[in-house]
Amino acid sequence: MMSLNRSCFLGNPAIAGSSSPFSHSQKRRSASLKVVALVPKVRTGDRNGSVVMESTLQEVKDESSVVELKSTVHGGVQDVYGEDTATEDQLVTPWSVSVASGYTLIRDPHHNKGLAFTEKERDAHYLRGLLPPVVISQELQVKKMINCIRQYLVPLQKYIAMMDLQGRNEKLFYKLLIDHVEELLPVVYTPTVGEACQKYGSIFTHPHGLFISLKDKGKILEVLRNWPEKNIQVIVVTDGERILGLGDLGCHGMGIPVGKLALYTALGGVRPSACLPVTIDVGTNNQKLLDDEFYIGLRQKRATGQEYAELLQEFMTAVKQNYGEKILVQFEDFANHNAFDLLSKYGTTHLVFNDDIQGTASVVLAGLVAALKLVGGSLADHRFLFLGAGEAGTGIAELIALEVSKQTNIPVEETRKNIWLVDSKGLIVSSRKESLQHFKKPWAHEHEPVKELVDAVNAIKPTVLIGTSGAGRTFTKEVVESMASLNERPIILALSNPTSQSECTAEEAYTWTQGRAIYCSGSPFPPVEYEGKVYTPGQANNAYIFPGFGLGLIMSGTIRVHDDMLLAASEALASQVSQEDYDKGLIYPPFTNIRKISAHIAAKVAAKSYELGLATRLPEPKDLEKYAESCMYSPSYRSFR
């Protein structure tokens, strides 16, 4: 049974003004209906303990209870579900509603408060006897849960416990994650989410997102309407073909959208009911999964070509049709051959963002801008060498080139020449241009072929070495020592996830450079002690950027993403690094302040959107940062009446 939105309970403002335990259903809005409301009658003997709606019409005499509803072209209330406009041969969903109470309320993660229900609430909502008699605060619940989580020694067990909590008590989950963000971020996100995806079929208990497969072709709009929340603002979608550095995990990739959207809420303040995780299942080429009895996806090889393109086209069309022009679609962990094409194809027609290409680029650029305080000079003074020329590598490279072009007024075609990429075949040079994929061609510069990374380091003499290869331990001792011989403070970014795929560890980087390296990784590493000094490695985590970036797009009603917004986000993040952070050798601020950081990033992104004429929420707020903070979701319990 589905519950009603507390703010939209059949349009009754008297009820909407309270904080009743109603979850999202539909917003009933139409023109000036006066005096009519639906009043629930209690029917005794209801087995699930809920109050059943026996829709009794009652005259509402209080003038303050006038219902403001918007007319549609059909003359009635807004046809949210498409039932009135559907033809007789089209399928619709038989929605049903009930007031959440008793066991129904306890089992509703949006409104469940566990032992925090007050005595008054227990009487009002038929909870007496269904809970132990003690009443405790949310703060004590958080303390209890973090103690429970710490009892687990295996990270995957901590992940399972957190996902279980999210499915039982949503507000407590987010309160716990926000209050202990540095400790729990590696649990709900990288690196633990990688192992969770690998074993998703074994640990799967109930869905946290929407699965759309080839079986749903022709019915995707109907599938989207099956999701209980209607006012969606951001979708994170994957097809599971390139999960982190782990490869094709098919339907098990759902852990990524679920984890990303948990961070959208915890770090960026986007309300959870506005977030929709989606996995597009077109099969998998991972034979191990196809042979796994616990695999939850389609047991077939991946669909490609026209069949794949048609499914994605139907999905993107249905998304805009169902949620409108301003719905943000974030692409996650698509393989290179699809990721660039999808971003290019839908970037002009939808509000789309690829975190692997654009989010990674923005957070790395922020780190590089901050690092200039430690090494001196401008970005234009540095030479960059990448190991890895996929989504992340080329995305970072392009954003660096754009930022240098912006700072120097030199054409971007020229600024690219200071940036070199190495792929599986060696240094990308002009003699290889004909055989290169289109997204690598801008980086094919004049140089003799070089096969090995260490030889490329010695030939190019970079000041910055960036790893996005997805291959662990590829920054060998010889490579790192070469960087140290060329630079007093070599900048080494080993960005591949999860930890096992990192190009080198923090300990290796500091040891092989005698403590001179400015080091960052994609997944967290513990502090390193070298010759009596403790070095704290930074983490170039996309979670610094995408939650605040998304909030900025949403709160301004932006309709398209522009590269200048990514540059604005990078500059905003770099500005949050304090002198105290620099003194520790860090080029990113601590995650303890992440919601403030996200609000600052959101404000700068929104400001750029208004400047570019891409924002639709008018008038522009006077103080965008305060407005961003006011828009953020709070996980504190609400009082029910």
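About the criteria used
Residues numbered from 1 in each chain as written. Predicted model: local features only at pLDDT ≥ 70, side-chain atom pairs only at ≥ 80, totals over all residues. Heavy atoms only, no water. UniProt positions renumbered as here; feature names shortened; annotations may be inferred. Helix = DSSP H or I, 4+ residues; strand = E, 2+ residues; numbered from the N terminus. Contact = heavy atoms within 4.5 Å. Buried < 20%, exposed > 50% of the residue type's maximum accessible area, 1.4 Å probe, protein only. Pairing = 2+ DSSP bridges. Expected span 1.5 Å × (residues − 1). Arc of directions from axis to C-beta. Phe/Tyr/Trp six-rings, centres within 6.5 Å; stacked < 30°, edge-to-face > 60°. Salt bridge = Lys/Arg side-chain N within 4 Å of Asp/Glu carboxyl O.

As recorded in an unreviewed UniProt entry, the chain goes by Malic enzyme and comes from Prunus avium. What UniProt records for the chain under Sequence similarities (unreviewed entry) is the sentence "Belongs to the malic enzymes family."

**Q** Describe the side chain of Thr238, with residues and values.
**A** Turning to its location among the elements, Thr238 is positioned in strand S6 (residues 234-238). Once residues within four sequence positions are removed from consideration, Thr238 is found in contact with Ile243, Gly253, Pro257, Val278, Thr279, Ile280, Glu332, Asp333 and Phe334.

**Q** An account of the UniProt feature "active site" (unreviewed entry) in the chain is requested, with residue identities and associated values reported.
**A** The residues that UniProt annotates with the feature "active site" (unreviewed entry) are Tyr189 and Lys260. A stretch of 72 residues holds the annotated residues, and the largest C-alpha distance among them is 7.3 Å, short enough that they meet in one place. Along the polypeptide, Tyr189 turns up in the loop between helix H7 (181-188) and helix H8 (192-198). Overall, Tyr189 belongs to the buried group, its relative accessible area being 7%. Ignoring anything within four residues of it in the chain, the contact list for Tyr189 reads Lys260, Leu263, Asp355, Asn541, Asn542, Ala543 and Phe546.

**Q** For the sheet that holds strand S11 (residues 419-423), give the residues involved together with the corresponding values.
**A** With respect to topology, seven strands assemble into an open sheet ordered S12-S11-S10-S13-S14-S15-S18, the strand pairing being mixed. The open sheet has two edge strands with one neighbour each: strand S12 (426-427) and strand S18 (538-539). In this sheet, strand S13 (residues 464-467) lies alongside strand S10 (residues 384-387) in parallel orientation, the contact comprising four bridges. In the strand pairing of S13, Phe384 is matched with Val464.

**Q** Tell me what's going on with the environment of Arg168, and back it up with residues and numbers.
**A** By secondary structure assignment, the location of Arg168 is in helix H5 (residues 155-168). Between the C-alpha atom of Arg168 and that of Asn112, which follows or precedes it by 56 residues, the distance is 7.1 Å. Filtering out sequence-adjacent residues up to four positions away, Arg168 remains in contact with Ile106, Asp108, Pro109 and Asn112.

**Q** Any details on helix H4 (residues 138-151)? Residues and values, ideally.
**A** The periodicity of an α-helix, 3.6 residues per turn, causes residues three or four places apart in sequence to face the same way. End to end, H4 covers 20 Å across 14 residues, agreeing with the expected 20 Å (1.5 Å per residue, within 8%). Every buried residue of H4 is listed here: Gln138, Gln141, Val142, Met145, Ile146 and Ile149. Looking straight down H4, one finds that the buried residues subtend no more than 130 degrees of arc, so they occupy a single side. Turned more than 90 degrees away from the buried face of H4 sit Lys143, Lys144 and Gln151, all of them exposed. On the buried face of H4, the contacting elements are H5, helix H6 (170-179) and H7.

**Q** Break down the packing of aromatic side chains for me, citing the residues and quoting the values.
**A** A complete count under the given rule lists 15 aromatic pairs for this structure. Aromatic side chains Phe353 and Phe549 sit 4.8 Å apart centroid to centroid with 25 degrees between the ring planes, which places their arrangement in the stacked category. A residue pair is termed long-range when its members are at least 10 positions apart, and Phe353 in strand S9 (residues 351-354) and Phe549 in helix H21 (residues 546-556) qualify at 196 residues. With a relative accessible area of 0%, Phe353 lands in the buried category. Members of the aromatic cluster, joined through ring pairs, are Tyr510, Tyr519, Phe525 and Tyr535.

**Q** Explain helix H24 (residues 594-612) residue by residue, including any values.
**A** In a regular helix each residue adds 1.5 Å, so 19 residues correspond to 27 Å; H24 covers 27 Å between its end C-alpha atoms and thus fits that length. Among the 19 residues that make up H24, 14 are buried, leaving the element largely enclosed by the rest of the structure. Phi turns positive, to about 75 degrees, at Gly613, one or two residues after H24.

**Q** Which residues make up the pattern of salt bridges, and what values do they have?
**A** If you walk through the whole model with that rule in mind, you get 26 salt bridges. Linking Glu121 and Lys113 is a salt bridge whose minimum nitrogen-to-oxygen distance equals 2.8 Å. Note on accessibility: Glu121 and Lys113 belong to one class, buried. The partner of Arg168 in a salt bridge is Asp164, with the nearest N and O atoms 2.9 Å apart. One end of the pair is Arg168 and the other is Asp164, both in helix H5 and four residues apart, which spans about a single turn. Connected via shared salt-bridge partners are Arg242, Asp333, Asp356 and Glu391.

**Q** Requested: an account of the UniProt feature "binding site: a divalent metal cation" (unreviewed entry) in the chain, with residues and values cited.
**A** According to UniProt, the "binding site: a divalent metal cation" (unreviewed entry) feature falls on Glu332, Asp333 and Asp356. These annotated residues cover 25 residues of sequence, and their C-alpha atoms all fall within 6.8 Å of one another, placing them together at a single site. Mapped onto the secondary structure, Glu332 falls in the loop between strand S8 (328-331) and helix H14 (336-346). Of the residues examined, Glu332 reaches a relative accessible area of 1% and is grouped as buried. Here Glu332 is in contact with Val236, Val237, Thr238, Asp239, Ile256, Lys260, Asp355 and Asp356, once residues within four sequence places are set aside. Tracing the chain through its elements places Asp333 in the loop between S8 and H14. Ignoring anything within four residues of it in the chain, the contact list for Asp333 reads Thr238, Asp239, Gly240, Glu241, Arg242, Ile243, Leu244, Ile256 and Asp356.

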